[in-house]
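One letter stands for each residue in the lines below.
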Amino acid sequence: MNKVILMGRLTKDPELRYTSNNTPVCTFTLAVDRRFKGQGEEKKADFIQVVTWRHNAEFVSKYFSKGRMIAVSGSIQTRSWDGQDGQRRYATEVVADETYFADSKKDDTSTQSDEPEGFMPVDEDDEAVDDLPF
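Conventions we followed
Residues numbered from 1 in each chain as written. Predicted model: local features only at pLDDT ≥ 70, side-chain atom pairs only at ≥ 80, totals over all residues. Heavy atoms only, no water. Pairing = 2+ DSSP bridges. Helix = DSSP H or I, 4+ residues; strand = E, 2+ residues; numbered from the N terminus. Phe/Tyr/Trp six-rings, centres within 6.5 Å; stacked < 30°, edge-to-face > 60°. Buried < 20%, exposed > 50% of the residue type's maximum accessible area, 1.4 Å probe, protein only.

Draft legend 1. Molecular detail of the pairing of strand β1 (residues 4–10). When β1 meets strand β5 (residues 69–82), the two strands line up antiparallel, connected through 6 bridges. Paired with V4 across the two strands is G74, which belongs to β5.

Listed below in structure tokens is the structure:
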């Protein structure tokens, strides 16, 4: 079974290209934090190359940008080619079949409230507080 699920931040804006037969392909690098760190060490991250195709490629290119948190599901794939210098090159990458938003949508307005929508702060000295059932 070859199944990969990752969540991390984009290290730069996704790059959308089209193949010779006009199929969209999007590549990006995902910085995935490691779960554990050694004592006295800073957190480490792995930088994983991801590629996605067709509709999903256009979706990622349109809605994601550097720094955004993204979750991907897919498989690991390896490929090889001969470089311009004649040397054999290898790449291991994740082919993402599914992509998901993994952080809240960035709010472009300059004012943000700490209170969830539909709630308001209550002053404990307010007489209405005595009427609350808890």
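Draft legend 2. Spotlight on the packing of aromatic side chains. In total, this model carries 5 aromatic pairs according to the counting rule given. With 5.6 Å between their ring centres and 75° between their planes, F59 and F101 make a pair best called edge-to-face. Taken as a pair, F59 in helix α1 (residues 54–63) and F101 in strand β6 (residues 88–101) lie far apart in primary sequence, 42 residues in all. Relative accessible area serves as the criterion here: at 22%, F59 is assigned to the partly exposed category. By relative accessible area, which is 43% here, F101 ends up partly exposed. A network of ring pairs unites the aromatic residues F59, Y63, F64 and F101 as a single cluster.

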